[in-house]
6 protein chains.
Amino acid sequence: MKDEVFFSKGMIHLKEDYPDLYKASVELNDAAYNGKVLDYKSLKLIAIAITAASSDDRAVKKQMISGMQELGISKDEIVDVLRVVLLTAGKPAFTKAIKILYKITD
Amino acid sequence: MKDEVFFSKGMIHLKEDYPDLYKASVELNDAAYNGKVLDYKSLKLIAIAITAASSDDRAVKKQMISGMQELGISKDEIVDVLRVVLLTAGKPAFTKAIKILYKITD
Amino acid sequence: MKDEVFFSKGMIHLKEDYPDLYKASVELNDAAYNGKVLDYKSLKLIAIAITAASSDDRAVKKQMISGMQELGISKDEIVDVLRVVLLTAGKPAFTKAIKILYKITD
Amino acid sequence: MKDEVFFSKGMIHLKEDYPDLYKASVELNDAAYNGKVLDYKSLKLIAIAITAASSDDRAVKKQMISGMQELGISKDEIVDVLRVVLLTAGKPAFTKAIKILYKITD
Amino acid sequence: MKDEVFFSKGMIHLKEDYPDLYKASVELNDAAYNGKVLDYKSLKLIAIAITAASSDDRAVKKQMISGMQELGISKDEIVDVLRVVLLTAGKPAFTKAIKILYKITD
Amino acid sequence: MKDEVFFSKGMIHLKEDYPDLYKASVELNDAAYNGKVLDYKSLKLIAIAITAASSDDRAVKKQMISGMQELGISKDEIVDVLRVVLLTAGKPAFTKAIKILYKITD
């Protein structure tokens, strides 16, 4: 299984208390990150993009850190992703993500 | 300028009637699609992802068609993008995008 | 009551079938459009803005038409509103709203 | 499997062309609609609620029709769901859903 | 009036400073939680669902605590609600809500 | 340039590291806040509205503070804006913004 998200505390509890839901969640994750043609890194960049365009701080931070540590995604690559976030989701989402990125990389 | 969106009817009017706003819109587009490290195709896949995760049918359709025609993006590549949409934005967004994709490619 | 939305077909049915819900809906509308300091027109421009930033085509169209017919809001004023939509909600929302505006005014 | 959504045209194609993604999608659906304590009908009402609060017309319509036909959900029950949509997601989402509901039931 | 939200600090100020807006807010709340056929608990589960699918942490937390304390909603019932959130709104919303739930119940 | 947002830490870094993206961001900002007919204050009220309807706490807070300090926007004016947020985006967004406003003005 490819996504570190499952090692978060909530997910550990989920595994014990609701194994069927945990299993579906893992399988969803696996299907999402096992592309037919695009590699894992490209798919991870897309997950960073969607999360930055619409989710809360912690989800954005978690996706960025996971992408950088697991897959060697660079700051420049994430800024490129955020260019498209600025275009398609507006400046508040962009500014929030830039701030998170610099906090991580500083 | 890289994005066909500007050739839509609304944008042609905008160019004539509000040239300053049109110019900012073009420059935003250019900055978004001129990545430092990621190529145009990777950025376009990201635009498809964010649009599918959050926008209306026409925007999704336009992004997919533009990506396929201009950049040779394949159906498999878009389905890979939509895997991450299913994971991060849920099934209604995913189903909507799959339906649009098959309408385009059929 | 200030908002023409209530004269839509769904709302007429609602009035007959679920009068308590209809009443709450009208009162919400009245509270929203009776500002302490801002006038109705300013509040309507804000409703156009939020709708353009996040809602479906019909809601955007209805808000624009209602603002133009009831309150004499001009095309230039709506384009100014949409400038801020481009900034804060991104280009798909902006393009969608520009297209609707030109369809209405053409 | 409980959800008719899979019989939509897009999903039939998906099953043939991308069986792994289709399978994950079915399993996600099954995990979602097999509650530990809440019954299928209660979960379906929740799906109608979230869809009405955030999705496009077709997803809302599909959820409502499926809930009414498969599970005997009544108009009054859906209106009750939409009360909470008005409260938590605002009047454009509420009005859109009321309109769809009356089109279905008329 | 059924919703504890009004006892939040912001709402106390609102009551004093903007009584008309406060009154509309209370009446909206009452209309939302007084279903014709569904009971208060079912409607509260729906409010938890929509909030988890789209709102910030504090709103989710407040809805969950209020549902558990006022109405005896169980952890299992909330997890069932979150199954549908995973399906219809994606994993970031689901993970965020699971984390909040476990923080409350631990 | 009219928007204090650019003086945030993330934006200072952006200016040094990605000058082209920074420039597009400034120009977008300028186009957004230089209306043809509406003045800067009206446009700022609209930015507060859209941000309150859809963004995270920090973006809302920043828009409110900037509007009050730079442009003398009053508490009553912001509450009027939030009336429309309650109508068009629902009570969680409204409550969140009211809370932020009272924290700023207390």
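Remember, predicted model here, so these are calculated numbers, not experimental data.

> I tried to follow the overall build of chain A on my own but got confused; where do I start?
Regarding its fold elements, chain A presents 6 helices and 0 strands. Each helix and strand of chain A, ordered N terminal to C terminal, gives the series α-α-α-α-α-α. On C-alpha atoms alone, chain A measures out to a radius of gyration of 14 Å, which is about the 13 Å that the 2.2 N^0.38 rule sets for 106 residues. Oriented by its inertia axes, the alpha-carbon framework of chain A measures out at about 40 × 30 × 25 Å. For chain A, long-range pairs separated by at least 24 residues make up 57% of all intrachain contacts whose partners lie at least 6 apart in sequence.

> Whenever I open this one, the relation of the copies chain C and chain F confuses me. Can you help?
Comparison of the two chain copies shows a relationship of rotation about an axis with a shift along it. Take chain C, turn it by 180°, move it 0.0 Å along the axis, and it overlays chain F with an RMSD of 0.0 Å. Taken together, the turn and the small shift mark the pair as related by a two-fold rotation axis. Comparing interface residues between copies, 100% of those in chain C also sit at the interface in chain F, which points to an isologous, same-surface contact.

> Would you take a moment to explain the relation of the copies chain B and chain A for this structure?
Under the fitted operation, chain B is carried onto chain A by 0.0 Å of movement along the axis and a turn of 180°, and the coordinates agree to an RMSD of 0.0 Å. Same-surface contact between copies: 100% of interface residues of chain B are shared with the interface of chain A.

> Hey, could you run me through the pattern of salt bridges in this one?
Any two side chains of opposite charge can pair, so long as their charged atoms come close to each other. Going through the model one piece at a time under the given rule, you end up with 42 salt bridges over all chains. Of the charged contacts, one joins Lys36(F) and Asp76(C) as a salt bridge, the two residues approaching to 4.0 Å between their closest N and O atoms. Within this pair, whereas Lys36(F) is found in the loop between helix 2 (19–33) and helix 3 (40–54), its partner Asp76(C) is found in helix 5 (residues 75–89), the two belonging to separate chains. Note that Glu77(D) is salt-bridged to Lys41(D), the shortest N-O span being 2.9 Å.

> Which parts of the structure should I look at to understand the interface of chain C and chain F?
Interfaces are often sized by the accessible area lost when the parts come together. Facing 27 residues of chain C, the contacting portion of chain F comprises 27 residues. Interface area, chain C with chain F, both sides summed: about 2500 Å², of which 75% is carbon and sulfur. Counting across the chain C and chain F interface gives 9 residue pairs in polar contact (both at pLDDT 80 or more). Residue assignment for the side of chain C that touches chain F shows that the elements contributing at least two residues are helix 2 (19–33), helix 3 (40–54) and helix 5 of chain C. Examining the composition of the side of chain C that touches chain F, we find that 10 residues originate from one element, helix 5 of chain C, more than from any other. Here the residues of the side of chain C that touches chain F sort into 18 nonpolar, 4 polar and 5 charged.

> For this particular structure, what's the right way to read the confidence of the model for chain A?
Residues shown with low pLDDT carry predicted positions that ought not to be read at fine detail. Overall, the prediction assigns chain A a mean pLDDT of 91, with 93% of residues at 70 or greater. ipTM for the predicted complex: 0.90, alongside a pTM of 0.93.

> Explanation requested: the packing of aromatic side chains in the structure shown.
Centre distance and the angle of the planes are the two values used to describe a pair of aromatic rings. Residues and elements named next belong to chain A. Enumeration over the complete set of coordinates arrives at 6 aromatic pairs over all chains. With 5.3 Å between their ring centres and 65° between their planes, Tyr33 and Tyr40 make a pair best called edge-to-face. For Tyr33, a relative accessible area of 1% gives the class buried.

> Where do I start with helix 1 (residues 9–17) of chain B in this structure?
Given 3.6 residues per helical turn, the α-helix brings residues three or four places apart onto the same face. Of the positions making up helix 1 of chain B, those classed as buried are Gly10(B), Met11(B) and Leu14(B). The arc that holds every buried residue of helix 1 of chain B, seen down its axis, measures 95°, which confines them to one face. Exposed residues pointing more than 90 degrees away from the buried face of helix 1 of chain B are listed as Lys9(B) and Glu16(B). Elements that come into contact with the buried residues of helix 1 of chain B comprise helix 2 (19–33) of chain B together with helix 6 (91–105) of chain C.

> Mind showing me how you'd approach the interface of chain B and chain A here?
Across the boundary between the two partners, chain B contributes 27 residues, which contact 27 residues of chain A. Summing both sides of the interface, chain B and chain A together bury roughly 2500 Å²; the carbon and sulfur share of this comes to 75%. The interface formed by chain B and chain A contains 2 salt bridges. Across the chain B-chain A interface, the total number found is 10 residue pairs in polar contact (both at pLDDT 80 or more). Of all the elements in the fold, those that place two or more residues in the side of chain B that touches chain A are helix 2, helix 3 (40–54) and helix 5 (75–89) of chain B.

> Just to check I follow, could you spell out the packing of helix 5 (residues 75–89) of chain D against helix 3 (residues 40–54) of chain E for this structure?
A pair of packed helices is captured by two measures, namely the crossing angle of their axes and the spacing between those axes. One way to put it is that helix 5 of chain D packs onto helix 3 of chain E with a least axis distance of 9 Å and a crossing angle of 45°. The angle between helix 5 of chain D and helix 3 of chain E places the two elements in the oblique class. When you trace helix 5 of chain D past helix 3 of chain E, the crossing you get is right-handed. In this structure, helix 5 of chain D contributes Asp80(D), Val81(D), Val84(D), Val85(D) and Thr88(D) to the contact, and helix 3 of chain E contributes Leu43(E), Ile46(E), Ala47(E) and Ile50(E). Along the lines of polarity and charge, the residues of the contact of helix 5 of chain D with helix 3 of chain E split into 7 nonpolar, 1 polar and 1 charged.

> What exactly am I supposed to notice about the side chain of Asp80(D) here?
Along the chain, Asp80(D) falls in helix 5. Judged by relative accessible area, Asp80(D) falls into the buried class, the value being 0%. Contact partners of Asp80(D), with chain neighbours within four places excluded, come to Gly35(E), Lys36(E), Val37(E), Leu38(E) and Leu43(E).

> Looking at this structure, how should I read the nonpolar core?
Counting residues in hydrophobic clusters, the biggest one holds 245 residues, and the most contacted among them are Leu82(A), Leu82(B), Leu82(C), Leu82(D), Leu82(E) and Leu82(F). The residues contacting Leu82(C), other than those within four sequence positions of it, are Ala52(C), Met64(C), Phe94(C), Ala97(C), Ile98(C) and Leu101(C).

> How do you make sense of the domain arrangement of chain A when you look at a structure like this?
Residues and elements named next belong to chain A. When the domains of chain A are assigned, the result is domain 1 (8–37) and domain 2 (38–105). Tallying the contact residues gives 7 residues for domain 1 and 8 residues for domain 2. Both faces combined, the contact of domain 1 with domain 2 buries some 490 Å², and carbon together with sulfur accounts for 56% of it. The residue inventory of the side of domain 1 that touches domain 2, partitioned by class, reads 3 nonpolar, 3 polar and 1 charged.

> Explain the environment of Leu14(B) here, please?
Relative to the helices and strands, Leu14(B) resides in helix 1. In sequence terms Leu14(B) and Ser25(B) are 11 residues apart; their C-alpha atoms lie 9.9 Å from each other. Among all residues touching Leu14(B), those that are not within four sequence positions of it are Pro19(B), Leu21(B), Tyr22(B), Phe94(C), Ile98(C) and Tyr102(C).

About the criteria used
- Residues numbered from 1 in each chain as written.
- Chains lettered and ligands numbered in written order.
- Predicted model: local features only at pLDDT ≥ 70, side-chain atom pairs only at ≥ 80, totals over all residues.
- Heavy atoms only, no water.
- Helix = DSSP H or I, 4+ residues; strand = E, 2+ residues; numbered from the N terminus.
- Rg over C-alpha atoms; globule rule 2.2 N^0.38 Å.
- Contact = heavy atoms within 4.5 Å.
- Least-squares fit on C-alpha atoms with pLDDT ≥ 70 in both.
- Salt bridge = Lys/Arg side-chain N within 4 Å of Asp/Glu carboxyl O.
- Buried area = accessible area lost by both parts, 1.4 Å probe.
- Polar contact = N/O pair within 3.5 Å; in protein donor to acceptor, adjacent residues only side chain to side chain.
- Nonpolar A, V, L, I, M, F, W, Y, C, P; charged D, E, K, R; others polar.
- pLDDT = per-residue confidence, 0-100.
- Phe/Tyr/Trp six-rings, centres within 6.5 Å; stacked < 30°, edge-to-face > 60°.
- Buried < 20%, exposed > 50% of the residue type's maximum accessible area, 1.4 Å probe, protein only.
- Arc of directions from axis to C-beta.
- Axes fitted to C-alpha atoms, helices over the stretch in contact; angles between N-to-C directions.
- Parallel < 35°, antiparallel > 145°, perpendicular 65-115°, else oblique.
- Left-handed = near helix turned anticlockwise from the far one by under 90°.
- Core = buried A, V, L, I, M, F, W, Y, C linked by side-chain atoms within 4.5 Å.
- Domains from an automatic or database assignment.

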